[in-house]
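Listed here are the chains, written in short residue letters.
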Amino acid sequence: MKPKQTNIERFSGHVSSGDRAALLGQRPLTVWLTGLSASGKSTIGYALERRLLSLGHACYVLDGDNLRHGLNRDLGFSVTERRENIRRTAEMAKLLNDAGLIVIAALISPRRDDRAMAREIIGDSLFVEIYLSTPLDTCEQRDPKGLYARARCGEIAEFTGISAPYETPLDPDLTFDTSRTEIHASVSLIVEHLQSR
Ligand SMILES: Nc1ncnc2c1ncn2[C@@H]1O[C@H](COP(=O)(O)OP(=O)(O)OP(=O)(O)O)[C@@H](O)[C@H]1O
Ligand SMILES: [Mg+2]
């Protein structure tokens, strides 16, 4: 999307994104975790941050719920607002990648189009899509925030998996069903994948 204003120009600085990445001694990437509520995105995202940090990497988690307390506090869960939520998060991930950081984004991001937009904003070569394929019945049994119960009673509208669709990724880089894979095993497989890229 083009900027609304036409009378703006980019100003180039004297430090490149390569310079910043070299200073940190790493290659920036965005690990985009998608899946139903309670599929394990935040749990795995923050465990991955911990593991990467212990391996000497500078990273940052962009967690959907956390961003909705600040940057995205004005957005709801309609299709348009979810898209804007993802656009802002992807733009933030792009800035943090430009700063040299490894970004871990943990958002339901239920629509293929919206994830494709995130990939386009961040850049195909930097975007790693990880699908948490945990079945709905497991997510609903876990229900750590009590949201499925409320959605089933009709107290929450447009709840992904209940009253709003989730579009399965067609070609994710990795897939984990967290009802079958233990947290630290998933994290190890993600780290191996990142190291192989
Ligand atoms: N193998 C596993 N991997 C990840 N999470 C697991 C696993 N086994 C059990 N869990 C539990 O499942 C729950 C996953 O919740 P979590 O908040 O991480 O989901 P989420 O995908 O971030 O949901 P939301 O979209 O609502 O933010 C946690 O309570 C976690 O402890
Ligand atoms: Mg979460």
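Residues numbered from 1 in each chain as written. Chains lettered and ligands numbered in written order. Predicted model: local features only at pLDDT ≥ 70, side-chain atom pairs only at ≥ 80, totals over all residues. Heavy atoms only, no water.

J.: Requested: an account of the overall build of the protein, with residues and values cited.
T.: Helix and strand content of the protein: eight helices and five strands. Listing the helices and strands of the protein from first to last along the sequence gives α-β-α-β-α-α-β-α-β-α-α-β-α. Relative to the 2.2 N^0.38 estimate, which gives 16 Å for 197 residues, the radius of gyration of the protein is 17 Å and therefore close to what a compact globule would have. Over its C-alpha atoms, taken along the principal directions, the protein stretches across nearly 55 × 45 × 30 Å. The burial tally for the protein puts 44% of its 197 residues in the buried class. The contacts in the protein between residues at least 6 apart in sequence include a share of 76% that link residues at least 24 apart. In the form shown here, the protein has an accessible surface area of approximately 11,000 Å², with 53% of it arising from carbon and sulfur atoms. Counting 25 positive and 26 negative side-chain charges, the protein places the averaged centre of each group 2 Å from the other. (Helix = DSSP H or I, 4+ residues; strand = E, 2+ residues; numbered from the N terminus. Rg over C-alpha atoms; globule rule 2.2 N^0.38 Å. Buried < 20%, exposed > 50% of the residue type's maximum accessible area, 1.4 Å probe, protein only. Contact = heavy atoms within 4.5 Å. Areas by Shrake-Rupley, 256 points an atom, 1.4 Å probe, with all protein chains shown as cover. Lys, Arg positive; Asp, Glu negative; His and termini not counted. Charge placed at Lys NZ, Arg CZ, Asp CG, Glu CD.)

J.: I'd like a rundown of helix H8 (residues 183-196), residues and numbers included.
T.: When the terminal C-alpha atoms of H8 are compared, their 20 Å separation across 14 residues agrees well with the 20 Å that a helix rising 1.5 Å per residue should span. Those residues of H8 not exposed but buried are Ser186, Val187, Ile190, Val191, His193 and Leu194. An end-on view of H8 places all buried positions within 160 degrees of arc, on one side of the element. The exposed residues of H8 that point more than 90 degrees off its buried face are Glu192, Gln195 and Ser196. Its buried side turned inward, H8 meets strand E1 (30-35), helix H2 (41-54), strand E4 (127-132) and strand E5 (174-176). (Expected span 1.5 Å × (residues − 1). Arc of directions from axis to C-beta.)

J.: Pulling in residues and values, what's your account of the environment of glutamate 91?
T.: Among the structural elements, glutamate 91 can be located in helix H4 (residues 79-98). Glutamate 91 sits 57 residues away from threonine 34 along the chain, and the two C-alpha atoms are 17 Å apart.

J.: Explain the sheet that holds strand E2 (residues 59-63) to me, using residue names and the numbers behind them.
T.: The strands that make up a sheet are held in pairs by hydrogen bonds between backbone atoms, and each pair lies either parallel or antiparallel. The sheet built from five strands is open, its strands ordered E2-E3-E1-E4-E5 with parallel pairing. Since the sheet does not close on itself, it has two edges, and those belong to E2 and E5, each with one partner. Going across the sheet, the axis of each strand differs from the next one's by a mean of 20 degrees, ignoring polarity. Pairing geometry for E1 and E4, over six bridges, is parallel. Bridged to valine 31 within E4 is valine 128. Lying on the sheet, helix H5 (residues 112-122) is in contact with E1 and E4; it crosses E4 at an angle near 155 degrees. (Pairing = 2+ DSSP bridges. Axes fitted to C-alpha atoms, helices over the stretch in contact; angles between N-to-C directions.)

Treat this as a map of the structure, not an account of what it does.
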